[in-house]
Amino acid sequence: MNSKERVRTSFSHQEPDRVPVNYSANPGIDQRLKAHFGLSAADDEGLLEVLGVDFRGINPPYIGPQLHPDVPDRRVDIWGIHTRWVEHGHGGGYWDFCDFPLKHATLEEVKAWKMPSPDDFDYSLVPALCEKYQDYCIYTGGGGTCDIMNSTTMIRSMEQTLVDLIEDNPVGLTYIDRRLEIQLEIVKRTLEAARGKIDMLWLGEDLGSQRGPLISMDLFRKHIRPRHQKFIDLAKQYNLMVIFHSCGSSSWAFDELIEMGVDIVDTLQPEAKNMSPEYLKRRFGEKLSFHGCISTAGVIAHGTVDDTIKNVRETLDIMMPGGGFAIAPTHMLQDNTPTENVVAMYETIRKFGSYRS
């Protein structure tokens, strides 16, 4: 099987030749892996090939004007979100969200806030990329597509965003709806440009902490579900699979996601409440497929090579039967992860991830 056939077979709840594989990592560990395999620092495709990754993402690049002024010691993206570099003491760091420019904004300020236009993305590159990756499972979108709570907290703060949802605050809801309207149009134009060559739409919404839901079911049904439904309905118009990313304890919403038309759930942090591979496979395995399960905060980061091999084998034994699974890190592999553990992860998948001897 090629990668596209492999993923489609597995996500149709059938057993392919081997388990599909994916990869995501922070820059530090990514560079160490490339050096380990003798690849250049810019050879992203070479690393995906070495690791046996079956997925490729396609999103049109932004080519419009700078919308927000530069800020010293900050990165500022096209939505006006600020991040600052934070060293984490493990030979690397990350860009953490800060400043929250719209935390105290008025409705008028939110309405006037500069946002990218769907016209300012280069969709002309999409057909050639689809041709280049025709043998892979191609997705568009990502964890930040249609992500309401997480992305809004980056510019309104966590506390204010949750208050917005609870109080039906028109300031926060107006920001959310402006952003989602733009994203929906970008996805639509991307799918039109792809002419049926994209397989999957990737959506995101962080629904849980490690211990349980971030919001009530009533709030999910009032504010989250109807907004996500527009994206899912668009995907189904193009016969796409829908994969839904959520960190933390998110299985409390899986029955709702099934009703909405979600096909695959992503991240699946096994240490979170009701997120163990055994529970997920038993409770939802007939109606959902799974993507993830190898915790980036677990043994791959803090254990030995032997611990990693044991964890990967146990996960494969639980999740592989009957298909419906792609193995991947639960999030981006962090820079505190030993290179040898990541290498052991993918070698173990290659050795024990086959459905046929």
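Anything mentioned here points back to the structure above.
A brief report on the enclosed structure follows.

About the thresholds
Residues numbered from 1 in each chain as written. Predicted model: local features only at pLDDT ≥ 70, side-chain atom pairs only at ≥ 80, totals over all residues. Heavy atoms only, no water. Buried < 20%, exposed > 50% of the residue type's maximum accessible area, 1.4 Å probe, protein only. Helix = DSSP H or I, 4+ residues; strand = E, 2+ residues; numbered from the N terminus. Polar contact = N/O pair within 3.5 Å; in protein donor to acceptor, adjacent residues only side chain to side chain. Pairing = 2+ DSSP bridges. Disulfide = S-S within 2.5 Å. Salt bridge = Lys/Arg side-chain N within 4 Å of Asp/Glu carboxyl O. Axes fitted to C-alpha atoms, helices over the stretch in contact; angles between N-to-C directions. Core = buried A, V, L, I, M, F, W, Y, C linked by side-chain atoms within 4.5 Å. Contact = heavy atoms within 4.5 Å.

Right, let's talk about helix α1 (residues 3–11) for a bit. Among the 9 residues in α1, 7 count as buried, and that is most of the element. Of the positions making up α1, those classed as buried are S3, K4, R6, V7, T9, S10 and F11. Among the residues of α1, the N-terminal cap falls to N2, whose side-chain oxygen and the backbone nitrogen of K4 are separated by 3.2 Å. Directly after α1, the chain includes H13, whose backbone phi takes a positive value near 60°.

A few words now on the sheet that holds strand β3 (residues 82–87). Sheet architecture is open: 3 strands sit in the order β2-β3-β4, paired in antiparallel fashion. Edge positions in the sheet fall to β2 (75–76) and β4 (93–98), since each has one partner strand and no second. Alignment of β3 against β4, held across 6 bridges, turns out to be antiparallel. Along β4, the bridge assignment pairs H82 with C98.

Counted according to the given criterion, the structure contains 0 disulfides. Summary of cysteine pairing: C247 is not part of a disulfide, and the nearest cysteine sulfur, belonging to C293, is at 13 Å. On the basis of relative accessible area, C247 is assigned to the buried category, the value being 15%.

What follows is about the pattern of salt bridges. Enumeration according to the criterion identifies 21 salt bridges in this entry. For D30, the salt bridge identified is with K34, shortest N-O distance 2.9 Å. Taken together, the positions of D30 and K34, both in helix α2 (residues 27–36) and 4 residues apart, correspond to about one turn of that helix. Given the relative accessible area of 13%, D30 is considered buried. The class for K34 is buried, based on a relative accessible area of 1%. Where D164 meets R156, a salt bridge forms, and the shortest distance between an N and an O atom there is 2.9 Å.

The next point concerns the sheet that holds strand β10 (residues 325–329). Pairing within the open sheet is parallel, and its 7 strands lie in the order β1-β5-β6-β7-β8-β9-β10. Each having just a single partner strand, β1 (55–57) and β10 make up the two edges of the open sheet. Each adjacent strand pair in this sheet contributes to an overall mean axis angle of 30°, direction not counted. Two strands pair when backbone bridges link them, and strand β9 (residues 289–294) and β10 are joined in this way by 5 bridges, in the parallel orientation. Within β10, the position partnered with C293 by the bridge is A328.

Most often, soluble globular proteins have nonpolar side chains that are buried together. Counting residues in each nonpolar core, the largest one holds 87 residues, and the members touching the most others are Y23, F220, F254, F290, F325 and I327. The leading source of residues in this core is helix α8 (residues 170–194), at 11 residues. Apart from the residues lying within four places of it in its own chain, the contact partners of I327 are V19, P20, V21, N22, G292, I294, V312, L316 and I349. With 11 residues, the next largest nonpolar core counts V7, M200, I243 and I264 among its residues.

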